[in-house]
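Read off the chains here:
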Amino acid sequence: MTVMKFRTPKFRVRPATSFDTFDVQPSSFNLRMNTQLGVKNTNFGPYKYGNSTIYFSYKGTQVGSAMIPKSKANFRRTKKVNVAVDLIAPTNLANNSELASDISSGILPLTSTSRLTGKIEIMFIFKKKRSVNMNCTMDLNISAKQLQNIKCK
């Protein structure tokens, strides 16, 4: 009976990240980040999910978003999804003293949120709808040009 139990997949930001554009000024930033997301399916059947969007924010202000295409995470596997995100500081953050101090310290705290909705199919007979929420916090190390301290709930 434990084989037939439906488990909710896990949805996370993975540490593999590179940057195409990396322009950081004392009071603004303009980055193009190529990041990898992981959908870990621990079920004995595939998890098929639809299109979704991932949002990146800095202290509550959205600074970027990217589309996640519909796909399938095979049973007992982790599906890796590569997305390109443009992170741009909006004009209302330009006069923010917290942004200037975070940039001068070399660490930019970011959060990412998203929701995947799909179906799990066990033994190709039973189907159940499952939604996965992602809420991750991370630090962008400006000098090393990489994401650090990625923690997802």
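As named in an unreviewed UniProt entry, the protein is Late embryogenesis abundant protein LEA-2 subgroup domain-containing protein, taken from Actinidia rufa.

Asker: Sorry if this is basic, but what is going on with the side chain of Ser57 here?
Answerer: Position of Ser57 among the secondary structure elements: in strand 4 (residues 52–58). In terms of polar contacts, Ser57 uses its side chain to reach the side chain of Thr111, at 2.6 Å. For Ser57, the residues in contact, after removing those within four places along its chain, are Gln62, Val63, Pro109, Leu110 and Thr111.

Asker: Just checking my understanding: could you explain the nonpolar core for this structure?
Answerer: Where a protein is soluble and globular, its nonpolar side chains tend to be buried together. Counting residues in each nonpolar core, the largest one holds 38 residues, and the members touching the most others are Phe29, Leu37 and Leu87. The contacts of Leu37, once residues within four sequence positions are left out, are Phe11, Arg12, Val13, Arg14, Ile54, Ile68, Lys79, Lys80, Val81, Val83 and Met134.

Asker: Is there a simple way to think about the pattern of salt bridges in this case?
Answerer: Two side chains that carry opposite charge are able to pair once their charged atoms sit near each other. In total, this model carries 3 salt bridges according to the counting rule given. For Arg32, the salt bridge identified is with Asp86, shortest N-O distance 2.8 Å. Note that Arg32 is positioned in strand 2 (residues 28–41) and Asp86 in strand 7 (residues 77–88), a separation of 54 residues in sequence. Residue Arg32 is classed as partly exposed on the basis of its relative accessible area of 30%. Taking relative accessible area as the criterion, Asp86 reaches 36% and is therefore assigned partly exposed. For Lys59, the salt bridge identified is with Asp102, shortest N-O distance 3.2 Å. Here Lys59 is found in the loop between strand 4 and strand 5 (61–68), whereas its partner Asp102 is found in helix 1 (residues 97–105), with 43 residues between them in sequence. On the basis of relative accessibility, which here comes to 13%, the residue Asp102 falls in the buried class. A single salt-bridge network, built from bridges that share partners, covers Lys59, Glu98 and Asp102.

Asker: Hey, could you run me through the sheet that holds strand 2 in this one?
Answerer: Sheet strands pair by backbone hydrogen bonding; their relative direction is either parallel or antiparallel. The strand order 1-2-7 describes an open sheet built from 3 strands, whose pairing is antiparallel. The open sheet has two edge strands, strand 1 (10–25) and strand 7, and neither has a second partner. The mean inter-strand angle of the sheet, taken between neighbouring strand axes irrespective of direction, is 15 degrees. Sheet topology note: the strand 2/strand 7 ladder contains 12 bridges and is antiparallel.

Asker: In this structure, what is going on with the UniProt feature "domain: Late embryogenesis abundant protein LEA-2 subgroup" (unreviewed entry) in the protein? I would like to understand it.
Answerer: As recorded in UniProt, the feature "domain: Late embryogenesis abundant protein LEA-2 subgroup" (unreviewed entry) lies at residues 37–137. Between the C-alpha atoms that bound residues 37–137 the distance is 14 Å, and the span itself is 9% helix and 65% strand.

Asker: Got a minute to help me understand the side chain of Asn141 in this structure?
Answerer: Looking at the element boundaries, Asn141 is found in strand 9 (residues 126–141). Here Gln148 takes part through its side chain, which lies 3.3 Å from a polar atom of the side chain of Asn141.

Asker: Just checking my understanding: could you explain unusual backbone geometry for this structure?
Answerer: Trans is the common state for peptide bonds, and a negative phi is the common state for residues other than glycine. Positive phi, close to 50 degrees, is recorded for Lys59, a residue that is not glycine. Residue classification places Lys59 among the partly exposed positions, given a relative accessible area of 45%. In this model, Arg76 sits at a positive phi of 55 degrees, which is unusual for a non-glycine residue. Along the chain, the position of Arg76 falls in the loop between strand 6 (71–73) and strand 7.

Asker: Just checking my understanding: could you explain the state of the cysteines for this structure?
Answerer: The bond known as a disulfide is covalent and runs between the sulfur atoms of two cysteines. Here the structure, examined in full by the defined rule, presents 1 disulfide. There is a disulfide in this structure between Cys136 and Cys152, and the S-S distance comes to 2.0 Å. One disulfide, between Cys136 and Cys152, carries an S-S torsion of 105 degrees and so falls in the right-handed class. Within this pair, whereas Cys136 is found in strand 9, its partner Cys152 is found in strand 10 (residues 146–152), the two being separated by 16 residues in sequence. Residue class for Cys152 comes out partly exposed when judged on its relative accessible area of 22%.

Procedures and definitions
- Residue positions are counted from 1 within each chain, in the order its sequence is given.
- Predicted model: local features are reported for residues with pLDDT of at least 70 only, side-chain atom pairs are reported and counted for 80 or more only, and whole-chain, interface and lining totals are derived from all residues.
- Side-chain measures here rest on the full set of heavy atoms in the structure, leaving out hydrogens and waters.
- Here a helix means four or more residues in a row that DSSP labels H or I, a strand means two or more in a row labelled E, and each is numbered from the N terminus.
- For the purposes of these results, a polar contact is taken to be a pair of N or O atoms within 3.5 Å, where, inside protein, one atom must be able to donate a hydrogen and its partner to accept one; residues adjacent in sequence count only when each atom of the pair is a side-chain atom.
- When checking whether two residues touch, look at their non-hydrogen atoms; a contact exists if any pair is within 4.5 Å.
- Residues belong to a common nonpolar core when they are buried Ala, Val, Leu, Ile, Met, Phe, Trp, Tyr or Cys residues joined through side-chain atoms within 4.5 Å.
- Relative accessible area decides the class of each residue, using a 1.4 Å probe on protein chains only: under 20% of the type maximum gives buried, over 50% gives exposed, and in between gives partly exposed.
- We count a salt bridge whenever a side-chain nitrogen from Lys or Arg sits within 4 Å of a carboxyl oxygen from Asp or Glu.
- Strand pairing follows a simple DSSP-based rule, namely that at least 2 bridges must link the two strands.
- Axes, fitted as lines to C-alpha atoms, cover a helix only where it is in contact. Angles between the N-to-C directions of the axes lie from 0 to 180 degrees.
- UniProt positions are given in the numbering used here, feature names are shortened, and annotations may be inferred rather than shown by experiment.
- Disulfides are defined as pairs of cysteine sulfur atoms found within 2.5 Å of each other.

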